[in-house]
Amino acid sequence: MKRKVIKLLSLFLIISNFAVFAQSDDDRDKGAFEDRIKIGFSKFDNKASAVQKTYGGYNSIKFDLDAFTTMITTALVKTRRFEVVERQDLDKLLEEQGLTQAGIINSETGAISGKIRGVDFLMMGTVTKCGFTETPMQVGNYKQVKKVLELGIDFKVVNTSTGNIALSDFIEVNEESMSQISGGSYNTGSSSENYIANAMRKASLQAAFLVANAIVPLKIEAVQPAKKIVKLNYGHGFIEKDQYYTVYPNDEGGDSWEASFDEVGKIKISSVTPTYAIAKIIDGSTDEIIEGCSVIKVAPDEEKKLLDKEKLKENDSKTRRFGY
């Protein structure tokens, strides 16, 4: 009987967390943002290439730009805030307005020569880095060599109404392609067949998040002080359960050196829906963590420290419960 009561109470708490913000989300629960922002891919170039040495000789790395833009499209559309204009549809829009992709953007400044109807932002990018690094390591009589693909992409997002650059940024990702251990008569190795696709997926998710955050910044949309929970304006696509985020006041998103000292707290994601996420306040006061605060995902090393700290608290709680 006691177990049933505990289960029912847990279920009630989970449901209540969603219900707290439900009144303002009738449309969002249907998965619809009426005015979705339209983004088109204007131009992506590949100015870097890599050659990998294999057992059978040499293999030229082919970076599939079409697959990369498709991955970004998937991530953006998944937020349900953005609509991606397909390349052929973009060409048709430009043709109707007497424009071409080659002529609308200044290659040096990124500015648009004239306004474009039917699309809100244009994204363009260049693969600027693609190569391998080898890291040898000696452990006793054994030697380990890891080969890693390093991928770098520079990109811009231009506002088609103003011609201004909304975002200019770069991404660098690494993906292990091969690991080999040898020593004496022992020789073994492993390789990944999907390392190129994995690197592209990592890069596409980072790019999509940077683009989305530049246009519609990730913020706290509502707060329930009594429950110490907040609601974020993004859901599936970028946010996952149990992630940690740092909270900054209002528009101080930690983008500058000075703003990095303005942290007001930390939150941990407890539940995610298609259009918003709910998080618990684990550090900070509800006097400072308010509607409009910016949030940024903590770095991996800091996330590990927070996880270790949480486990330590949990173990201390169990110790006190059993009287140790």
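What counts, and where the lines are drawn
Residues numbered from 1 in each chain as written. Predicted model: local features only at pLDDT ≥ 70, side-chain atom pairs only at ≥ 80, totals over all residues. Heavy atoms only, no water. Helix = DSSP H or I, 4+ residues; strand = E, 2+ residues; numbered from the N terminus. Contact = heavy atoms within 4.5 Å. Pairing = 2+ DSSP bridges. Axes fitted to C-alpha atoms, helices over the stretch in contact; angles between N-to-C directions. 1 Å grid on protein atoms, 1.4 Å probe; cavity = no way out; pocket = protein on both sides within 12 Å on 5 of 7 lines; lining within 4 Å. Points joined across faces, edges and corners; volume = space filled by probe spheres on them. Nonpolar A, V, L, I, M, F, W, Y, C, P; charged D, E, K, R; others polar. Parallel < 35°, antiparallel > 145°, perpendicular 65-115°, else oblique. Left-handed = near helix turned anticlockwise from the far one by under 90°. Phe/Tyr/Trp six-rings, centres within 6.5 Å; stacked < 30°, edge-to-face > 60°. Lys NZ or Arg CZ within 6 Å of the ring centre and 35° of its normal. pLDDT = per-residue confidence, 0-100. Buried < 20%, exposed > 50% of the residue type's maximum accessible area, 1.4 Å probe, protein only. Arc of directions from axis to C-beta.

**Things to note about the environment of Asp242**
- The residue Asp242 is located in the loop between strand 10 (229-232) and strand 11 (244-248) in this model.
- Sequence separation of Asp242 and Val272 is 30 residues, and the distance between their C-alpha atoms is 9.8 Å.
- Non-local contacts of Asp242, meaning those with residues more than four positions away in its chain, are made with Lys268, Ile269 and Glu303.

**Topic: the sheet that holds strand 14 (residues 294-297)**
- Read from one edge to the other, the open sheet built from six strands follows the order 9-10-13-12-11-14, with strand pairing classed as antiparallel. Of all strands in the sheet, those bounded by a partner on one side alone are strand 9 (220-224) and strand 14. Averaged over all neighbouring strand pairs, the angle between strand axes comes to 35°, with direction disregarded.

**Here's the deal with the layout of surface pockets**
- Of the volumes computed, that of the largest pocket is approximately 1,000 Å³.
- The wall of the largest pocket is formed by 37 residues, among which Leu205, Gln206, Phe209, Leu210 and Lys297 lie closest to the centre.
- Among the elements of the structure, helix 3 (65-78), strand 7 (165-183), helix 6 (195-215) and strand 14 are those that each provide at least two residues to the lining of the largest pocket.
- With eight residues, the top contributor of residues to the lining of the largest pocket is helix 6.
- Looking at the lining of the largest pocket residue by residue, the classes come out as 19 nonpolar, eight polar and 10 charged.

**Considerations on the packing of helix 3 against helix 6**
- Where helix 3 contacts helix 6, the axes come no closer than 8 Å and their chain directions differ by 45°. The angle between helix 3 and helix 6 falls in the class oblique. Crossing of helix 3 over helix 6 shows right-handed handedness. Between helix 3 and helix 6, the contacting residues are Ala67, Phe68, Met71, Ile72, Ala75 and Leu76 on the first element and Ala197, Met200, Arg201, Ala203, Ser204, Leu205, Ala207, Ala208 and Ala212 on the second.
- Residue classes in the contact of helix 3 with helix 6 are distributed as 13 nonpolar, one polar and one charged.

**Looking at the packing of aromatic side chains**
- Tallied over the entire structure, the rule returns five aromatic pairs.
- Members of the aromatic cluster, connected to one another through ring pairs, are Phe41, Phe44 and Phe68.
- The lysine or arginine in question, Arg81, covers the ring of Tyr234, its NZ or CZ lying 5.2 Å from the ring centre.
- A cation over a ring is seen here: Lys231 above Tyr276, with NZ or CZ 4.8 Å from the ring centre.

**What about the confidence of the model for the chain?**
- Of all residues in the chain, 72% attain a pLDDT of 70 or more, and the chain-wide mean is 79.
- Across the chain, strand 10 holds the top mean pLDDT of 97, while helix 2 (residues 26-29) sits lowest at 45.
- Note that pLDDT drops below 50 for residues 23-31; the model gives that stretch 15 contacts with residues more than four away or on any other chain.

**Some remarks on helix 4 (residues 87-96)**
- Residues Leu90, Leu93 and Leu94 constitute the buried set of helix 4. The arc that holds every buried residue of helix 4, seen down its axis, measures 95°, which confines them to one face. Those residues of helix 4 that are exposed and aimed more than 90 degrees away from the buried face are Gln88, Lys92, Glu95 and Glu96.
- At the exit of helix 4 stands Gly98, carrying a positive phi of roughly 70°.

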